[in-house]
Amino acid sequence: MGITKETSFPSEWYSALARHQVSYVVLHLDGERRLLGRPEEWPNRAEEGPFRIAEGEWLCDDGKSQPIEGVSIVLIPAGTVEMVEFLKERYR
C-alpha cells in the first residue's frame, strides 16, 4: 500500500503550524527577542516567507509584555525565527 508517515503539507514546518489548533505563539527571534501573538498566516518553509502575527506583544525578560501600540499586524521574516512555542492559551 505504500503507507508513509510523510505529511501532505508543503513542509514539516507548515504541518506543525497547520495541525495544531493554536490561538497564540511565541516567536523566538534572532537577538533573543520574543514576540507573542496570534498567527494569522505562516510560511510554507522555515527559510522563506513571513509570519503574519496579530495582537503582537514583545515579551520582556521580567515576564511582562509590551503591546505594540497602534499596530494591528506584524510581518516577521521566517529567517529570523529561531524557535516557535505553541501556546494552549494566552498568558500574561
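Scroll up to find the structure.
Residues numbered from 1 in each chain as written. Predicted model: local features only at pLDDT ≥ 70, side-chain atom pairs only at ≥ 80, totals over all residues. Heavy atoms only, no water.

1. Considerations on the environment of Trp-42
Right, so step 1: Structurally, the position occupied by Trp-42 is in the loop between strand S2 (33-41) and strand S3 (50-59).
Right, so step 2: Sequence separation between Trp-42 and Leu-75 is 33 residues, and the spatial gap between their C-alpha atoms is 9.5 Å. (Helix = DSSP H or I, 4+ residues; strand = E, 2+ residues; numbered from the N terminus.)

2. So, a negative patch on the surface
Right, so step 1: Judged by side-chain charge, Asp-30, Glu-32, Asp-61, Asp-62 and Glu-82 come together as a negatively charged surface patch.
Right, so step 2: Structurally, Asp-62 is set in the loop between S3 and strand S4 (65-67). (Patch = residues over 30% accessible without salt bridge, like charges linked within 9 Å, V, L, I, M, F, W, Y side chains within 5 Å. Areas by Shrake-Rupley, 256 points an atom, 1.4 Å probe, with all protein chains shown as cover. Salt bridge = Lys/Arg side-chain N within 4 Å of Asp/Glu carboxyl O. Lys, Arg positive; Asp, Glu negative; His and termini not counted. Charge placed at Lys NZ, Arg CZ, Asp CG, Glu CD.)

3. Let's talk about the nonpolar core
Right, so step 1: Within the largest apolar cluster, twelve residues are counted, these being Val-25, Leu-27, Leu-29, Leu-35, Phe-51, Ile-53, Ile-68, Val-74, Ile-76, Ala-78, Val-81 and Val-84.
Right, so step 2: Put simply, the parts of the chain that give this core at least two residues each are strand S1 (24-29), S3, strand S5 (73-77) and strand S6 (81-87).
Right, so step 3: Ranked by residue count, the leading element in this core is S1, at three residues.
Right, so step 4: If we ignore the near neighbours within four places in the chain, the residues touching Ala-78 are Pro-43, Arg-45, Ala-46, Glu-48, Gly-49, Pro-50 and Phe-51.
Right, so step 5: Within the second largest apolar cluster, five residues are counted, among which are Tyr-24, Val-26, Leu-36 and Leu-87. (Core = buried A, V, L, I, M, F, W, Y, C linked by side-chain atoms within 4.5 Å. Buried < 20%, exposed > 50% of the residue type's maximum accessible area, 1.4 Å probe, protein only. Contact = heavy atoms within 4.5 Å.)

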